[in-house]
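Below, each chain spelled out in residue letters.
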2 protein chains.
Amino acid sequence: MYAIGVDLGGTKTAAGVVSGDGELLFSDTIPTLSRDGSAAILDATASLVAGLVRRADDAGITVKRVGVGSAGVIDAARGVVASATDAIAGWAGTALTAGLAARLDLPASSVLAVNDVHAHALGEAWTGAAAGTSSSLLVAFGTGVGGSFVLDGAPVLGHRYAGGHVGHFASPYACFDGAPLPCVCGGAGHVEAIASGPAIREAYVRLGGSAPAADTRAVFGLAGSGDAIAARAIAVAAAAAGQAVGGLANILDPEVVLVSGGLADAGERWRQPMEAALRAELLPALTGVPVRPAALGNTAAIVGAARLVLEPADAGCAEFTSALTYRRN
Amino acid sequence: MYAIGVDLGGTKTAAGVVSGDGELLFSDTIPTLSRDGSAAILDATASLVAGLVRRADDAGITVKRVGVGSAGVIDAARGVVASATDAIAGWAGTALTAGLAARLDLPASSVLAVNDVHAHALGEAWTGAAAGTSSSLLVAFGTGVGGSFVLDGAPVLGHRYAGGHVGHFASPYACFDGAPLPCVCGGAGHVEAIASGPAIREAYVRLGGSAPAADTRAVFGLAGSGDAIAARAIAVAAAAAGQAVGGLANILDPEVVLVSGGLADAGERWRQPMEAALRAELLPALTGVPVRPAALGNTAAIVGAARLVLEPADAGCAEFTSALTYRRN
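Residues numbered from 1 in each chain as written. Chains lettered and ligands numbered in written order. Predicted model: local features only at pLDDT ≥ 70, side-chain atom pairs only at ≥ 80, totals over all residues. Heavy atoms only, no water.

Draft legend 1. A look at the relation of the copies chain A and chain B. The operation relating chain A to chain B is a screw motion whose rotation component is 180°, with 0.0 Å of axial translation and a residual RMSD of 0.0 Å. Overall, the copies show the geometry of a two-fold rotation axis. Residue proline 172 of chain A of chain A places its C-alpha closer to the rotation axis than any other residue of that unit, at 2.1 Å. Comparing interface residues between copies, 100% of those in chain A also lie at the interface in chain B; the contact surface is shared. (Least-squares fit on C-alpha atoms with pLDDT ≥ 70 in both. Contact = heavy atoms within 4.5 Å.)

Structure, rendered in structure tokens:
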């Protein structure tokens, strides 16, 4: 049993052939045509998948199912993009699974989709850093802050498929001069407004940083060169991130916590204060909760997306969507 | 099919006979012997249950199962109090279900227990304000702040049975003079430190309130008489409560949100600013999420506790614990 998993993000789309035990056999990546409209994206994604199907076929492997982890709020029951930011123009409303199924000449039921962070977390829960656990909370800190709570092998998608928006609750750190910092969601004072990657650059400027800092990476570079304001911007973001994840752990009590995303990969300058703040926030009952980096890197969402359409070894074929739809809640 | 549900709190213990469709037939209440040790509490609770069994028997109803919602973190698999505050002396470590089963001469498997807030939420999800929904988030604001996320008919208990500690994440309101307010959990700056009932009285004093205010109710009375500081203490607590619940809704995306507890019952002075703050916090995808008061009042935890040991109509008897153990995660 094999499936193709697709990780469709704002800048690139990666896909791969995944075996029934979670092994990624081969993969390919294309730029996402994020300004060209959804038909162009579906065309390009279908071509990407078709190429992998052919490669699999050459290797004697038949693949007839496709799982997608996509940017946006994804209505998993209908396979439609319920809403999305303008990172991909015209993405909201796209009939994602039907569009791919038609282009690939597959039955509509052979293509499933969820939000990419849910796919990411599902991949880690299946074969990554949370493998073997009965519940895990993954929080990703990068361009935005997102997360997913995976319970008994399925991400909790939420009633409106909006579950996992863990960047959009209040953070005491997300204020300046007594006013809450604006958040990209339209609200203010949220975790994402202080703990995302872009928020670090904004904080550097806000705190009076004088060196040119084009992006988050530049602020890390400045901090490494001894710029105290850069170091402070990163430390505050890390503390806000850890406090938020610690609070989420108190609420959800997952078996394991995974922290991922660009900031988690940025080294000890972020990770150490993040984990200190996280542990300071925990209730006594949560002391000792494992906090781990994600293990699958860029392949997590591909593997997790494929998992959507790969039934577990102990389930019959007819039930292959049950874990997903059950968790729709 | 009937069962007895027990709501065992720090000050009183209520129990009742509940039918398979969630009707509370009759009930009784005793004071919890919270200073007398766990054996005395188990003795008294068993007597309470035995009295109800006899009453049921007189009415021609046989009851052989007992569900308990208890104060403390309850290890639902073992039926043991994993940890507890000193509201009930010596409660931590108590073999709750085994102790009751032995005293009632029931098989150990006929008695199940969860934390009382989980029982409360389960009752509301079964026959109360969240009946018919596939997911609900209940948050109770009273002596403490607690909650439970009920998914597909079962509360998400958490890996260490500590899930639902929604009073223990950071609130921007929970600080004074630039320092986070101490929280009863040992941490600081948490929602419970500003949004619980006792926190309102503390805020009144902290803000310079000069009238005698023995308890939360007294602060509401003062606010009703035009005391601006009392009104402010309540408004801040309500805003903190609403902001917290709104953030939780963004994270979990429940079908419906229930707000309960003593503060929710205190009228519009708390409810209106709470709901305004809640709605201000919501992501666009969550706009329109129903926010309701709990409907079952004091009986919710009794009904929910009974539900633990009452199988749904479509499940076989042998599976009656499956919904609970499955959700242990």
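Draft legend 2. Just the interface of chain A and chain B, in detail. On the chain B side, the residues contacting the 42 residues of chain A number 42 residues. Both sides of the chain A and chain B interface together cover about 3,400 Å² of buried area, and 59% of this is carbon and sulfur. Across the chain A-chain B interface, the total number found is two salt bridges. Notably, a salt bridge pairs arginine 160 of chain A with aspartate 253 of chain B, separated by 2.5 Å at the nearest N-O pair. Inspection of the region where chain A meets chain B yields 20 residue pairs in polar contact (both at pLDDT 80 or more). If you list the elements that add at least two residues to the side of chain A that touches chain B, you get strand 9 (145-151) and helix 7 (228-252) of chain A. Considering every element that reaches the side of chain A that touches chain B, the biggest residue donor is helix 7 of chain A, with six residues. Looking at the side of chain A that touches chain B residue by residue, the class counts come to 22 nonpolar, 14 polar and six charged. (Buried area = accessible area lost by both parts, 1.4 Å probe. Salt bridge = Lys/Arg side-chain N within 4 Å of Asp/Glu carboxyl O. Polar contact = N/O pair within 3.5 Å; in protein donor to acceptor, adjacent residues only side chain to side chain. Helix = DSSP H or I, 4+ residues; strand = E, 2+ residues; numbered from the N terminus. Nonpolar A, V, L, I, M, F, W, Y, C, P; charged D, E, K, R; others polar.)

Draft legend 3. Spotlight on helix 8 (residues 268-281) of chain B. Residues and elements named next belong to chain B. Relative to the 20 Å expected for 14 residues at 1.5 Å per residue, helix 8 spans 19 Å between its end C-alpha atoms, a close match to the ideal helical length. Here helix 8 has its buried residues at Trp270, Met274, Glu275, Ala277, Leu278 and Glu281. Down the axis of helix 8, the sector holding all buried residues measures 165°, keeping them to one side. Where helix 8 is buried, its residues meet strand 8 (135-141), helix 6 (216-224), helix 7 (228-252), strand 13 (256-260) and strand 14 (291-293). (Expected span 1.5 Å × (residues − 1). Buried < 20%, exposed > 50% of the residue type's maximum accessible area, 1.4 Å probe, protein only. Arc of directions from axis to C-beta.)

Draft legend 4. Seen up close, the pairing of strand 7 (residues 111-115) of chain B. All names here are of chain B. Along strand 7, five of the five residues are buried, which leaves the element largely enclosed by surrounding structure. In this structure, strand 4 (residues 66-70) lies alongside strand 7, joined through five bridges in parallel fashion. Bridge pairing links valine 66 to valine 111 in strand 7. (Pairing = 2+ DSSP bridges.)

Draft legend 5. How the structure looks around the environment of proline 293 of chain A. Residue and element names in this part refer to chain A. Among the secondary structure elements, proline 293 is positioned in strand 14 (residues 291-293). When the C-alpha atoms of proline 293 and glycine 267 are compared, they prove to be 11 Å apart, with 26 residues separating the residues in sequence. In this view, proline 293 contacts Ala129 and Val259; residues no more than four positions away in its chain are not counted.

Draft legend 6. Focus on the pairing of strand 4 (residues 66-70) of chain A. All names here are of chain A. Taken across its five residues, strand 4 has five buried, putting it largely inside the fold. Alternating positions in strand 4 separate into two faces, Val66, Val68 and Ser70 on one and Gly67 and Gly69 on the other, with burial throughout. Two elements, strand 1 (residues 2-8) and strand 4, share five bridges in a ladder whose sense is parallel. From the neighbouring strand, isoleucine 4 faces strand 4, where its bridge partner is valine 66.

Draft legend 7. Looking closely at the side chain of threonine 32 of chain B. Residue and element names in this part refer to chain B. Summarising the element assignment, threonine 32 is placed in the loop between strand 3 (24-31) and helix 1 (38-58). Using a relative accessible area of 8% as the deciding quantity, one classes threonine 32 as buried. Reaching out from threonine 32, the side chain makes a polar contact with the backbone oxygen of glycine 9 at a distance of 2.8 Å. Excluding anything up to four places from it in sequence, threonine 32 contacts Leu8, Gly9, Gly10, Thr11, Lys12, Thr13, Ile41 and Ile88.

Draft legend 8. Representation of the domain arrangement of chain A within the structure. Residue and element names in this part refer to chain A. What the domain assignment reports for chain A is domain 1 (2-121 + 297-326) and domain 2 (133-293). Computed from C-alpha atoms alone, the centre-to-centre distance between domain 1 and domain 2 is 27 Å. With twelve residues of domain 1 in contact, the opposing surface of domain 2 contributes 16 residues. Together domain 1 and domain 2 conceal approximately 1,100 Å² of surface at their shared face, both sides included; 71% is due to carbon and sulfur atoms. On the surface where domain 1 and domain 2 come into contact, there are zero salt bridges. Where domain 1 packs against domain 2, one counts three residue pairs in polar contact (both at pLDDT 80 or more). Elements represented by at least two residues in the side of domain 1 that touches domain 2 include exactly strand 5 (73-75), helix 3 (116-127) and helix 10 (322-326). (Domains from an automatic or database assignment.)

Draft legend 9. Here's a closer look at the sheet that holds strand 2 (residues 12-19) of chain A. Residue and element names in this part refer to chain A. Pairing within the open sheet is mixed, and its five strands lie in the order 3-2-1-4-7. The sheet is open, and its two borders are formed by strand 3 (24-31) and strand 7 (111-115), each paired with just one other strand. Sheet twist, expressed as the mean angle between neighbouring strand axes with direction ignored, is 15°. The sheet strands contacting helix 1 (residues 38-58) are strand 1, strand 2, strand 3 and strand 4, and the helix crosses strand 3 at an angle near 155°. The sheet strands contacting helix 3 are strand 1, strand 2, strand 4 and strand 7, and the helix crosses strand 7 at an angle near 100°. (Axes fitted to C-alpha atoms, helices over the stretch in contact; angles between N-to-C directions.)

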